[in-house]
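Understanding the architecture of this molecule
One letter stands for each residue in the lines below.
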Amino acid sequence: MVLINGQDLIRELRETAVQVHSGALMTCVDARLSNPSPEAFIRRPEEILLV
């Protein structure tokens, strides 16, 4: 289990939503949940938000 700062998480999600999903935050969240990155499992905790 890894604890991350919620403000960092939402900042990254909002940036991704704007860049990739035309600002649709829920579409971005749904896409991340349905397509988990296998790379996230071999990273340091602070790097996971950037994957």
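Residues numbered from 1 in each chain as written. Predicted model: local features only at pLDDT ≥ 70, side-chain atom pairs only at ≥ 80, totals over all residues. Heavy atoms only, no water.

**Some words on the overall build of the protein**
This is how it is decided: Secondary structure elements follow DSSP: runs of H or I of four or more residues count as helices, runs of E of two or more count as strands, with numbering from the N terminus. Between buried and exposed lies partly exposed: a residue is buried under 20% and exposed over 50% of the maximum accessible area for its type, with that area taken using a 1.4 Å probe on protein chains only. Under the convention used here, a 1.4 Å probe and the Shrake-Rupley method define accessible areas, while residue burial counts only the protein chains that appear.
Across its full length, the protein holds 2 helices and 0 strands. Within the protein, the proportion of its 51 residues that are buried is 10%. For the protein, the exposed area adds up to about 4200 Å²; of that, 58% sits on carbon and sulfur atoms.

**Focus on the pattern of salt bridges**
Note the threshold: Here, a salt bridge means any Lys or Arg side-chain nitrogen found within 4 Å of an Asp or Glu carboxyl oxygen.
Enumeration according to the criterion identifies 1 salt bridge in this entry. Notably, a salt bridge pairs aspartate 8 with arginine 11, separated by 3.0 Å at the nearest N-O pair. Within this pair, aspartate 8 and its partner arginine 11 are both found in helix α1 (residues 6-20), separated by 3 residues, close to a single helical turn. Note on aspartate 8: relative accessible area 28%, which makes it partly exposed.

**So, the packing of α1 against helix α2 (residues 25-34)**
What counts, and what does not: To get an axis, a line is fitted to the C-alpha atoms, and for a helix only the part in contact is used. The angle between two axes follows their N-to-C directions and goes from 0 to 180 degrees. When describing relative orientation, an angle under 35 degrees is termed roughly parallel and one over 145 degrees roughly antiparallel, while 65 to 115 degrees is termed roughly perpendicular and anything else oblique. Contacts are assigned to residue pairs with any non-hydrogen atoms lying within 4.5 Å of each other. For this classification, Asp, Glu, Lys and Arg are treated as charged, while Ala, Val, Leu, Ile, Met, Phe, Trp, Tyr, Cys and Pro are nonpolar and the rest, including Gly, are polar.
Two elements in contact, α1 and α2, have axes whose closest approach is 9 Å; the angle formed by their N-to-C orientations is 105°. Put simply, α1 runs roughly perpendicular to α2. Seen from α1, the contacting residues are Ile10, Leu13, Arg14, Thr16 and Ala17; seen from α2, they are Leu25, Cys28, Val29 and Arg32. Of the residues that constitute the contact of α1 with α2, the class distribution is 6 nonpolar, 1 polar and 2 charged.

**Quick notes on unusual backbone geometry**
Its identity as a non-glycine residue notwithstanding, serine 22 has a phi of 50°, on the positive side. Within the fold, serine 22 resides in the loop between α1 and α2. Note on serine 22: relative accessible area 73%, which makes it exposed.

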